[in-house]
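Below are the chains, spelled out letter by letter.
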Amino acid sequence: MKPNFIKSGSENEASFSFRVDHLPCINNRWHYHQEFELIYFQKGSGTQFIGDSITGFYEGNVMLIGPQLEHYWQFEDQYFSEGHDANVEAYVVHFDKNFCGNAFFNLPECADVLKLLERAKRGIKVVDSAQKVAECLVQMNAARGYERLTLLIRALGIISEDDSAYPVVTNGFGNLSIHNDKRIDLIVEYLSKNLQNHISLKDLSEVAAMNPTSLCRYFKAKANESLSSYIEKMRIGNACKLIAREEMSMKQIAHESGFRNLTSFHKSFRKLKGTTPLMFQQRVTGKQ
C-alpha cells in the first residue's frame, strides 16, 4: 500500500494551517505531506502508525511529525459506533519550515528549534512538556493573527528544550542521520547506500579514515550503541518501509535490506519489532 500524498491547505492570509478535528475518520489512512505536523489529542485514543513505529496513542499525547514521513492515526472502533459516548478532539497544525521566513530559524536564538525540526524527520513524541505544548495549541483556537503565530513559535521552543522528547522512527526507515558529526554522517550515508550489500568493517574504516578498533569505539560513544546494532536497525527500518508499500515479496525485501536469508530476516525483525514481517504488514495496511 503506497502512502497517499495529502496537500495540507493553508488558511487565507496565514503562514500555516490550524484546525480542530472532531471526526475519527479525518486522515485515517496511510499518508504523508510536505509540511510538519504538530498534533495534540485532547480526546480520543487508538493506534498510531509513524514510519516503522506502531504504538498506541492516548488522550494528552503530543506528536511532531516531519515532512514526507508516512503516518496515520487509527482511532479505536468505539469512536465509529452509532450512539457512542466517546468523542474525538485533536488539535492539528501544519507548517512549512520557513513559515516565519527563510532566515528566521537560522537566527542564533532559534538554534535549538532548528535542530528539533531536523530531528522531527523521525517523528518526535513530546513527553514532559506535553501539557505546556497542549495549552499553546488549545489557545490557538481562539487566537488570531500574530497571537496565533507566537503560540506556534512558543510551542516549538518548548519542545526543543524538552530533553525527554524522543524520536519514534528508526534511522533505517528514512535513511536519516541526526548525529551532527561529519564522520558519523559519512558512515550513515555509506550504510544507507549499501544496505543490500555485505558491509565490512574494513570498508567503513576507510570511509571514516579510522582504524577498525578506533571506529567501533568512536561510533558507540557518539551513537550510544554498537555499529552492528545500528546496522541491524537500519536494515529492519528499510524493510519496514518496503513491507508497507506491498511491492515486493518478503524474500525480495529481505534481500534488498541486506539479509542473507529469510530465517535471519525473521529472527532480526521479531527481535526489534516484536512481531513478524507479515503481521507488521497486516497492521499497517489493515489487511488480514
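Look up a bit, the structure's there.
Right, let's walk through the structure included here. (Residues numbered from 1 in each chain as written. Predicted model: local features only at pLDDT ≥ 70, side-chain atom pairs only at ≥ 80, totals over all residues. Heavy atoms only, no water.)

### Examining the overall build of the protein chain
- Scanning the protein chain from terminus to terminus reveals 11 helices and 11 strands.
- Looking at the protein chain as a whole, 47% of its 288 residues are labelled buried.
- The contacts in the protein chain between residues at least 6 apart in sequence include a share of 70% that link residues at least 24 apart. (Helix = DSSP H or I, 4+ residues; strand = E, 2+ residues; numbered from the N terminus. Buried < 20%, exposed > 50% of the residue type's maximum accessible area, 1.4 Å probe, protein only. Contact = heavy atoms within 4.5 Å.)

### Concerning unusual backbone geometry
- For Gln-68, which is not glycine, the phi torsion reads 70 degrees and is therefore positive.
- Along the chain, Gln-68 falls in the loop between strand S7 (62-65) and strand S8 (71-75).
- Backbone geometry at Ala-209 places phi at a positive 60 degrees, although glycine is not the residue there.
- When you line up the elements, Ala-209 lands in the loop between helix H6 (201-208) and helix H7 (212-223).

### Concerning empty space enclosed by the protein
- Here the structure, examined in full by the defined rule, presents 1 cavity of 30 Å³ or more.
- Space inside the largest cavity adds up to approximately 110 Å³.
- Taken together, 15 residues line the largest cavity, and the ones lying closest to its centre are Arg-19, Asp-21, Ile-26, Ile-39 and Trp-73.
- Broken down by secondary-structure element, the contributors of at least two residues to the lining of the largest cavity are strand S2 (16-21), strand S4 (36-43), S8 and strand S9 (89-95).
- Per-element tally for the lining of the largest cavity: the top contributor is S4, with 3 residues. (1 Å grid on protein atoms, 1.4 Å probe; cavity = no way out; pocket = protein on both sides within 12 Å on 5 of 7 lines; lining within 4 Å. Points joined across faces, edges and corners; volume = space filled by probe spheres on them.)

### Structural notes on the packing of helix H1 (residues 111-119) against helix H3 (residues 145-160)
- Here H1 crosses H3 at 80 degrees, and the two axes come no closer than 9 Å. If you check the angle between H1 and H3, you find them roughly perpendicular. Between H1, through Asp-112, Val-113 and Leu-116, and H3, the contact on the second element is made entirely by Leu-156, Gly-157, Ile-159 and Ser-160.
- Across the contact of H1 with H3, the residue classes break down as 4 nonpolar, 2 polar and 1 charged. (Axes fitted to C-alpha atoms, helices over the stretch in contact; angles between N-to-C directions. Parallel < 35°, antiparallel > 145°, perpendicular 65-115°, else oblique. Nonpolar A, V, L, I, M, F, W, Y, C, P; charged D, E, K, R; others polar.)

### Re helix H2 (residues 130-140)
- Taken together, the buried positions of H2 are occupied by Ala-130, Val-133, Ala-134, Cys-136, Leu-137 and Met-140. Looking down the long axis of H2, one finds its buried residues gathered within 155 degrees of arc, a one-sided arrangement. Turned more than 90 degrees off the buried face of H2, the exposed positions are Gln-131 and Lys-132.
- Close packing links the buried residues of H2 with S2, S4, S7, S9, strand S10 (124-126) and H3. (Arc of directions from axis to C-beta.)

### Digging into the pattern of salt bridges
- What the rule picks out here adds up to 7 salt bridges.
- Between Glu-206 and Lys-202 there is a salt bridge whose closest N-O contact spans 2.9 Å. Pair noted here: Glu-206 and Lys-202 are both in helix H6, with a separation of 4 residues, about one helical turn.
- Looking at Lys-202, the relative accessible area reads 56%, which means it is exposed.
- For Lys-233, the salt bridge is made with Glu-225, and the minimal N-O distance between the two is 3.2 Å. (Salt bridge = Lys/Arg side-chain N within 4 Å of Asp/Glu carboxyl O.)

### Brief notes about the packing of aromatic side chains
- Evaluation of the coordinates by the stated rule reveals 18 aromatic pairs.
- For the ring pair Phe-41 and Phe-75, a centre distance of 6.2 Å and an interplane angle of 70 degrees mean the geometry is edge-to-face. Of this pair, Phe-41 sits in strand S4 while Phe-75 sits in strand S8, placing them 34 residues apart in sequence. As far as the burial class goes, Phe-41 and Phe-75 line up, both buried.
- When the centroid spacing of 5.1 Å and the interplanar angle of 75 degrees are considered together, the rings of Phe-219 and Tyr-230 count as edge-to-face. (Phe/Tyr/Trp six-rings, centres within 6.5 Å; stacked < 30°, edge-to-face > 60°.)

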